[in-house]
Amino acid sequence: MHGRGGFHDILKIPPPIALLFSFAFVTGFALLFLICNLFQNPLLRDGDDFYFVDADCYSRMTRARILADVPPFAGREEARSFPFLRQHFFENFPFGTRPHTTAPMDFAILGIWKLLGGQEARFDLAGWVVSPILGVFLIFLAWGLSCREPVPYRWSGILLLGVSPILLHGFAFGRPDHQSLLLFFVGGAILMESEFLRSGNKWVSVFSGVFWGMGFWVSWFEPLVLWGVTQIFYGVRSLVGKEAGKGAGFPAVSFWVALGFAALVVLLEGVPSVGVPEGMREIFFRWAGEIGELRAIPPWDSLPEWCGWFTLGIPFFLAWKAAAGRSAQSAYLLVLFIVLAGLSWWMVRWGYFLAVAVAAGTPFALSVIRWRFVGYGIFIAGLWPVAASWETRFFPGEKAGAQAVAKARELRELRLVATALQKAGGGAVLAPWWHTPALVYWSGKDGVAGSSHQSLSGIADSARFFLSEDNHLAFSVLEEREGVGFVVAGNPEHALENSRAILGKERTEKEEETEAFRLFFRPREEGSGLRVIYATPSFRLYEKRRDPPKKAVEK
């Protein structure tokens, strides 16, 4: 491509030597990103065995294995809709779910797996590395955009993308969750909209529309909100007639491209259902309160740790620059900062996008400082909270280190239980909802619970089972879920605390009579309708007997 609007016009490549040094510099930032990423979860690998960060990751890997037709999920019924998975039968057994989960992350995992040789033994590795690869891509995208017309302090934003703890959590090794792909597309769209407002280059706007559209395909919620904020910004600028900033005006090219992608996504995946399963509204809100990313955290408490002390001054500097220079770019980033700070206060999952907006806005906020060495000095000094956060990850205290080791040991024991479960014959498994996806992934069994809100009825039944103080009532939960053949019991304190929170129950004096307590501490007790077939220090695996518990017979 040559001429105006072509490839050379998009990049405006600086002299070769300068570009070479610049590339080496950004490669160093990418390596720093990967090193920090490895150290934040060092216990997620054990020889050739790879482990994932949370329950959602195992559900995603189960989807990918079904599509890849890889044991223990070869020949599954869900794969009939290949390349899309429109139903999950592996969670909320035997009813299944119609998930919101969409195909792009499945394709990303399968694509990396094919690049690694397509061998079954490397499937976990593909899922383990997919998110940090996306993080590296975002860093290089930010660098590529900054190469067009280098701005002062551009390396400050790129450095933040490489060291921000919340961004590294989003792009963590062992986190093949849709959040990393969403963060890549939406974060990339924000960076490109900012560049378009500075340069007015139509090709940048086109690619921004592509990224918004791909974000819609991954998940409608966050991209639609931020795309809507972006279009409102363009519309307001157009109405007030402020044409400073080459990208002013409405609608931008990205609007039509994103709209076209949205229509294509609806054709491919259909319109996602909105809301929670019928009769589960109260349980949903109680369950959501147990999910870390759905909790509220005031941004002023978390922003310094995520992006440094300078972040707290960014809105004032951006407002000054927008007012003094009538900068459309600064005004857009200021609006995003305010909106995302409010959304992060409501739900911490928005913090990922807030950190990207901060990284995009930091160079322009710092540009009000004329002396470059002073500006960079202030920025680097302001990263002290970020450095302190990484220090606790690299050198955890005795208590935190012991907790990490205990969690890693628990995961390895759970894998042993899943192996025993796989060999034990037919039947689905009932377990605490946060353990169920991993058990399903490793054993190939279906699970009663799950990690999505579509499987809330299974989550609630699992909670009722473990909280039950009556053998017969607990056994009836298994009977209602016809086809359940196994139960896995773990830490009773955690199971009881979580089950009470989900069902809105108070603590009682009969906790030692609950199924969670009895199955863990008294596995050989007769009259339960269950028979222990495998045990580790942290877990007990039970097989369901055909006969009901003795208490039920006596009645």
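One numbering rule holds for all chains: residues counted from 1, following each sequence as written. Residues qualify for local features only when their pLDDT is at least 70, as the model is predicted, and side-chain atom pairs are given and counted only at 80 or more; totals for whole chains, interfaces and linings, by contrast, use all residues. Based on all heavy atoms of the structure, the side-chain values leave hydrogens and waters out of the count.

**Observations concerning the overall build of the protein**
Here is step 1 of the chain: What the protein contains, in helices and strands, is 25 helices and 6 strands.
Here is step 2 of the chain: Only C-alpha atoms enter the radius of gyration, while the globule expectation follows 2.2 Å times N to the 0.38, with N the number of residues. A compact globule built from 555 residues would reach a C-alpha radius of gyration of about 24 Å, and the protein, at 26 Å, matches this within 12%.
Here is step 3 of the chain: Across its three principal directions, the C-alpha atoms of the protein cover 85 × 50 × 45 Å.
Here is step 4 of the chain: When a residue's accessible area, from a 1.4 Å probe over protein chains only, is under 20% of the maximum for its type it is buried; when over 50% it is exposed; and in between it is partly exposed. Scored against the burial criterion, the 555 residues of the protein give a buried share of 56%.
Here is step 5 of the chain: For this analysis, residues touch if any pair of their heavy atoms sits within 4.5 Å. For the protein, long-range pairs separated by at least 24 residues make up 72% of all intrachain contacts whose partners lie at least 6 apart in sequence.
Here is step 6 of the chain: Accessible surface, the protein: about 24,500 Å² in total, of which carbon and sulfur atoms supply 62%. Every helix listed is a DSSP run of H or I at least four residues long, and every strand listed is a run of E at least two residues long, numbered separately from the N terminus. The Shrake-Rupley method, run with a 1.4 Å probe, gives the accessible areas here. Residue values count only the displayed protein chains as cover.

**Things to note about the packing of helix α8 (residues 178-199) against helix α16 (residues 351-366)**
Here is step 1 of the chain: Close contact between α8 and α16 brings their axes to 9 Å; oriented N to C, the two are set at 30°. It follows that α8 is roughly parallel to α16 by the angle criterion. Between α8 and α16 the crossing geometry is right-handed. Listed contacts from α16 to Q179, L182, L183, V186, G187, L191, S194 and R198 of α8 are Y352, F353, V356, A360 and F364.
Here is step 2 of the chain: Put simply, Ala, Val, Leu, Ile, Met, Phe, Trp, Tyr, Cys and Pro go in the nonpolar bin, Asp, Glu, Lys and Arg in the charged bin, and everything else, Gly too, in the polar bin. Among the residues making up the contact of α8 with α16, the classes are represented as 9 nonpolar, 3 polar and 1 charged. For helices, the fitted axis covers only the stretch in contact; all axes are lines through C-alpha atoms, and the angles between them, taken along N-to-C directions, range from 0 to 180 degrees. Throughout this description, any angle smaller than 35 degrees is read as roughly parallel, any larger than 145 degrees as roughly antiparallel, any in the 65 to 115 degree range as roughly perpendicular, and the remainder as oblique. Rotating anticlockwise by less than a right angle from the far helix to the near helix defines a left-handed crossing, while the corresponding clockwise rotation defines a right-handed one.

**Overview of helix α22 (residues 471-480)**
Here is step 1 of the chain: For α22, the full list of buried residues reads N471, A474, F475, V477 and L478. The buried residues of α22 all sit within an arc of 145° when viewed along its axis, so they share a single face. Across α22 from its buried face, at more than 90 degrees, point the exposed residues L473 and E480.
Here is step 2 of the chain: The inward-facing, buried residues of α22 contact β3 (428-430), α21 (456-467), β4 (484-489), α24 (515-521), β5 (530-535) and β6 (540-544).
Here is step 3 of the chain: By the criterion applied in these results, polar contacts are pairs of N or O atoms within 3.5 Å in which, for protein atoms, one can donate a hydrogen and the other can accept it, and in which residues neighboring in sequence qualify only through two side-chain atoms. A side-chain oxygen of the first residue of α22 lies 2.8 Å from the backbone nitrogen of H472; this N-cap is D470. Note that the arc is computed from the directions linking the helix axis to the C-beta atoms.

**Digging into the confidence of the model for the protein**
Reading predicted coordinates in detail is not appropriate for stretches of low pLDDT.
Here is step 1 of the chain: Per-residue confidence from the predictor is given as pLDDT, running between 0 and 100. Across the protein, the average pLDDT comes to 85, with 90% of residues at or above 70.
Here is step 2 of the chain: Within the protein, the lowest mean pLDDT, 39, falls on helix α1 (residues 7-11), and the highest, 96, falls on helix α20 (residues 436-443).
Here is step 3 of the chain: Residue range residues 1-11 is modelled with pLDDT below 50. Its contacts to residues more than four positions away, or to other chains, number 18 contacts.

**As for the nonpolar core**
It is characteristic of soluble globular proteins that their nonpolar side chains tend to be buried jointly.
Here is step 1 of the chain: Note on terminology: a nonpolar core comprises buried Ala, Val, Leu, Ile, Met, Phe, Trp, Tyr and Cys residues joined through side-chain atoms within 4.5 Å. If you look at the biggest cluster of nonpolar residues, it comprises 138 residues, and the most contacted ones within it are F123, W212, L226 and W442.
Here is step 2 of the chain: No other element matches the 13 residues that helix α5 (residues 123-146) contributes to this core.
Here is step 3 of the chain: Apart from residues no more than four positions distant in its own chain, W212 is found in contact with V186, A189, I190, E193, P223, L226, W227, T230, A258 and Y332.

**Overview of the side chain of S443**
Here is step 1 of the chain: Mapping S443 onto the fold places it in helix α20.
Here is step 2 of the chain: For S443, a relative accessible area of 4% translates into the label buried.
Here is step 3 of the chain: Side-chain polar atoms of S443 contact the backbone oxygen of L439, separated by 2.6 Å.
Here is step 4 of the chain: Reaching out from S443, the side chain makes a polar contact with the backbone nitrogen of K445 at a distance of 3.1 Å.

**Observations regarding the pairing of β4**
Two faces make up the sheet, and in a regular strand the side chains alternate between them.
Here is step 1 of the chain: Of all 6 residues making up β4, 6 are buried, and the element is well covered by its neighbours.
Here is step 2 of the chain: Sheet topology note: the β3/β4 ladder contains 3 bridges and is parallel. Along β4, the bridge assignment pairs L430 with V487.
Here is step 3 of the chain: Pairing between two strands requires that DSSP report at least two bridges joining them. Sheet topology places β4 next to β6; 4 bridges connect them, and they run antiparallel. Bridge pairing in β6 places V488 opposite L541.

**Side note on the pairing of β6**
Here is step 1 of the chain: Of all 5 residues in β6, 4 are buried, a share of seventy percent or more.
Here is step 2 of the chain: The sheet contact formed by β5 and β6 spans 5 bridges and is antiparallel. Residue pairing across strands places Y534 opposite L541, the latter belonging to β6.
Here is step 3 of the chain: Hairpin connection between β5 and β6: a loop of 4 residues separates the two successive antiparallel strands.

**Let's talk about the packing of aromatic side chains**
Here is step 1 of the chain: Only rings of Phe, Tyr and Trp enter the pairing, Trp through its six-membered ring, and a pair is recorded when the two centres are within 6.5 Å. The plane angle decides the type: under 30 degrees is stacked, over 60 is edge-to-face, the rest tilted. Counted under the stated rule, the structure contains 42 aromatic pairs.
Here is step 2 of the chain: Where W113 meets F123, the ring centres are 5.1 Å apart and the plane angle is 70°; that geometry is what we call edge-to-face. Taken together, the residues span a long stretch of sequence, with W113 in helix α4 (residues 104-115) and F123 in helix α5 at a distance of 10 residues.
Here is step 3 of the chain: According to the relative accessible area criterion, F123 is buried, its value standing at 0%.
Here is step 4 of the chain: Where F520 meets F521, the ring centres are 5.0 Å apart and the plane angle is 85°; that geometry is what we call edge-to-face.
Here is step 5 of the chain: Take F520: its relative accessible area is 11%, and that puts it in the buried class.

**Concerning a nonpolar patch on the surface**
Here is step 1 of the chain: In this analysis, a patch consists of residues with relative accessible area above 30% that form no salt bridge, clustered at 9 Å for like charges and at 5 Å for the nonpolar side chains Val, Leu, Ile, Met, Phe, Trp and Tyr. Should a side-chain nitrogen of Lys or Arg be within 4 Å of a carboxyl oxygen of Asp or Glu, the pair is scored as a salt bridge. Residues L31, I35, L38, F39, F394 and F395 make up a contiguous nonpolar surface patch of roughly 610 Å² in combined accessible area.
Here is step 2 of the chain: Of the residues forming the nonpolar patch, the biggest block, 4 residues, is contributed by helix α2 (residues 16-40).
Here is step 3 of the chain: Topologically, I35 is positioned in helix α2.

**Examining the pattern of salt bridges**
Here is step 1 of the chain: According to the stated counting rule, one finds 17 salt bridges in the structure shown.
Here is step 2 of the chain: For D49, the salt bridge is made with R415, and the minimal N-O distance between the two is 4.0 Å. With D49 in strand β2 (residues 49-50) and R415 in helix α19 (residues 398-422), the pair connects residues that are 366 residues apart, well separated along the chain.
Here is step 3 of the chain: With relative accessibility at 17%, the residue R415 sits in the buried group.
Here is step 4 of the chain: K544 is the salt-bridge partner of E479, the closest N and O atoms lying 2.6 Å from each other. Of this pair, E479 sits in helix α22 while K544 sits in strand β6, and the two are 65 residues apart along the sequence.

**Remarks on α21**
Here is step 1 of the chain: The end-to-end C-alpha distance of α21 is 16 Å, a good match for the 16 Å that 12 residues give at a rise of 1.5 Å each.
Here is step 2 of the chain: Most of α21 is tucked away, with 10 of its 12 residues classed as buried.
Here is step 3 of the chain: Turning to α21, its buried residues number three or more, namely L456, G458, I459, A460, D461, S462, A463, F465, F466 and L467. An expected span of 1.5 Å times one less than the residue number is assigned to each helix.

**Focus on unusual backbone geometry**
Here is step 1 of the chain: A cis amide bond links F93 with the next residue in sequence, P94, at an omega value of 0°.
Here is step 2 of the chain: Locating P94 in the fold gives a position in the loop between α3 (55-68) and α4.
Here is step 3 of the chain: Positive phi, normally seen in glycine, also occurs at D69, with a value near 60°.
Here is step 4 of the chain: Along the chain, D69 falls in the loop between α3 and α4.
Here is step 5 of the chain: Taking relative accessible area as the criterion, D69 reaches 45% and is therefore assigned partly exposed.
Here is step 6 of the chain: One non-glycine residue with positive phi stands out, namely N92, at about 55°.

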